[in-house]
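Breakdown of the fold
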Amino acid sequence: MTGARPRVKKSKLLLPAGLAGFLLLAGAFLASATEIYMFRDNRGVIHFTNAPTDTRFRPFKVTAQIKVGSSSLRLDADILQPYIKTAAKQYSLDPALITAVIKVESAFDPYAVSWAGAQGLMQLMPGTATLMNVGNSFSPRENIMGGSGYLKRMLDRFQGDLKLALAAYNIGPERVALEKKIPDVAETQAYVKMVLQYYDLYKRKK
């Protein structure tokens, strides 16, 4: 996910394809016996919260276990290659790197939405989408172009240091610039490691 993220957030906004990410957080709520509420608005967007402020919210119960990344809306990586190659050429990036970021960010689910509100294949936060002139974060083409452009900005800012650029993509550039290293945050360190592992895998598949 791009940009700085709050560590705790009471309200989540997810689409059906993003339920897997939500259920990770929901598990923690359920373990502490906190009630989860939901409602679907007139656009079909599902809202979740543990502190309802709207009368449309109703109690929600997790009745089945869903594996992260198991959404039926995932796309085959090969289908996305035309968009990935276009973005790679425009921003002088390795297509394998873009593919690796998509894999870790969304598992190729174009409608993935995180609990923090990051959207689409490369998990663009709303502010990042605006910065990169992305009008529709759920459009594979727009999302890949915007996410790739933002990743290129991070690489330029951190003088080509891929590990720092990936950390900045995940947790936000200001935090990385302040600490001058990958922050000591388990999520970010795991994220960088996973992207690099997939990057190596996709490079070897060329």
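Now for a description of the structure that goes with this document. Within each chain, residue numbers correspond to sequence positions counted from 1 in written order. This being a predicted model, a pLDDT of at least 70 is required before a residue's local features are given, and a value of 80 or more before pairs of side-chain atoms are given or counted; all residues contribute to the totals for chains, interfaces and linings. Excluding hydrogens and water, the side-chain values take into account all heavy atoms of the structure.

Focus: the environment of Tyr 198
A run of H or I in DSSP counts as a helix once it spans at least four residues, and a run of E counts as a strand once it spans at least two, with each numbered from the N terminus. Summarising the element assignment, Tyr 198 is placed in helix α8 (residues 186–204). For the pair Tyr 198 and Lys 103, spaced 95 residues apart in sequence, the C-alpha to C-alpha distance is 7.7 Å. Residue contacts are defined here by distance: any two heavy atoms, one from each residue, within 4.5 Å place the two residues in contact. Leave out the neighbours within four places in its chain, and Tyr 198 touches Ala 100, Lys 103 and Val 104.

Some remarks on the side chain of Ser 148
Mapped onto the fold, Ser 148 is located in helix α5 (residues 140–157). In terms of polar contacts, Ser 148 uses its side chain to reach the backbone carbonyl oxygen of Ile 144, at 2.7 Å. Distance and chemistry together define a polar contact, namely a pair of N or O atoms within 3.5 Å, with one atom able to donate a hydrogen and the other to accept it when in protein, and with adjacent residues in sequence counting only for side-chain atoms on both sides.

Quick notes on the nonpolar core
The nonpolar side chains of a soluble globular protein tend to be buried with one another. As used here, the term nonpolar core means buried Ala, Val, Leu, Ile, Met, Phe, Trp, Tyr and Cys residues forming a set that is joined through side-chain atoms within 4.5 Å. For every residue, the accessible area (1.4 Å probe, protein chains only) is compared with the maximum for its type, and the residue is labelled buried under 20%, exposed over 50%, or partly exposed between those bounds. If you look at the biggest cluster of nonpolar residues, it comprises 43 residues, and the most contacted ones within it are Ile 98 and Val 101. Of all elements in the fold, only α2 (77–91), α3 (95–106), α5, α6 (162–171) and α8 reach the threshold of two or more residues within this core. Here this core takes 8 residues from α6, the largest share from any one element. Sequence-distant contacts of Ile 98, defined by excluding residues within four places in its chain, comprise Ile 84, Ala 87, Ala 88, Leu 93, Met 122, Ile 144 and Ser 148.

A closer look at the packing of α5 against α6
As a packed pair, α5 and α6 sit with axes 8 Å apart at the nearest point and diverge in direction by 130 degrees. Between α5 and α6, the angle falls in the class oblique. With respect to the hand of their crossing, α5 and α6 are arranged in right-handed fashion. The residues of α6 that touch α5, namely those facing Gly 147, Tyr 150, Leu 151, Met 154 and Leu 155, are Leu 162, Ala 165, Leu 166, Ala 168 and Tyr 169. For this classification, the nonpolar set comprises Ala, Val, Leu, Ile, Met, Phe, Trp, Tyr, Cys and Pro, the charged set comprises Asp, Glu, Lys and Arg, and every other residue, Gly included, is treated as polar. Here the contact of α5 with α6 is composed, by residue class, of 9 nonpolar, 1 polar and no charged. For every element, the axis is a line fit to its C-alpha atoms; helices are fit only across the contacting stretch, and the angle between N-to-C directions ranges from 0 to 180 degrees. Under this scheme an angle from 65 to 115 degrees is roughly perpendicular, one under 35 degrees roughly parallel, and one over 145 degrees roughly antiparallel; angles in between are oblique. Helix crossings get a hand from a simple test, with the near helix turned counterclockwise from the far one by less than a right angle marking a left-handed crossing and a clockwise turn marking a right-handed one.

Details of α5
One less than the number of residues in a helix, times 1.5 Å, gives the span that helix is expected to have. Compared with the 26 Å implied by 1.5 Å per residue over 18 residues, the 25 Å span of α5 between its first and last C-alpha is a close match. Here α5 has its buried residues at Asn 143, Ile 144, Met 145, Gly 146, Gly 147, Ser 148, Gly 149, Tyr 150, Leu 151, Met 154 and Leu 155. Summarising the contacts, the buried residues of α5 are in contact with α2, α3, α4 (126–131), α6 and α7 (173–179). Of the residues flanking the end of α5, it is Gln 159, one or two places downstream, whose phi is positive at about 50 degrees.

Focus: unusual backbone geometry
Non-glycine residue Gln 123 carries a positive phi angle of around 50 degrees. Within the secondary structure, Gln 123 is located in the loop between α3 and α4. Of note, Gln 159 is a non-glycine position whose phi angle comes to about 50 degrees, a positive value. Take Gln 159: it is sitting in the loop between α5 and α6.

A short note on the pattern of salt bridges
Only one rule defines a salt bridge in this text: a Lys or Arg side-chain nitrogen within 4 Å of an Asp or Glu carboxyl oxygen. Scanning the model with the defined rule gives 4 salt bridges in all. Arg 175 serves as the salt-bridge partner of Glu 179, at 2.4 Å between the closest nitrogen and oxygen. Of the two residues, Glu 179 and Arg 175 both sit in helix α7, 4 residues apart, roughly one turn of that helix. Two residues, Asp 200 and Arg 204, come together in a salt bridge whose shortest N-O distance is 3.1 Å. Here Asp 200 pairs with Arg 204, and both are found in helix α8, just 4 residues apart, close to one helical turn.

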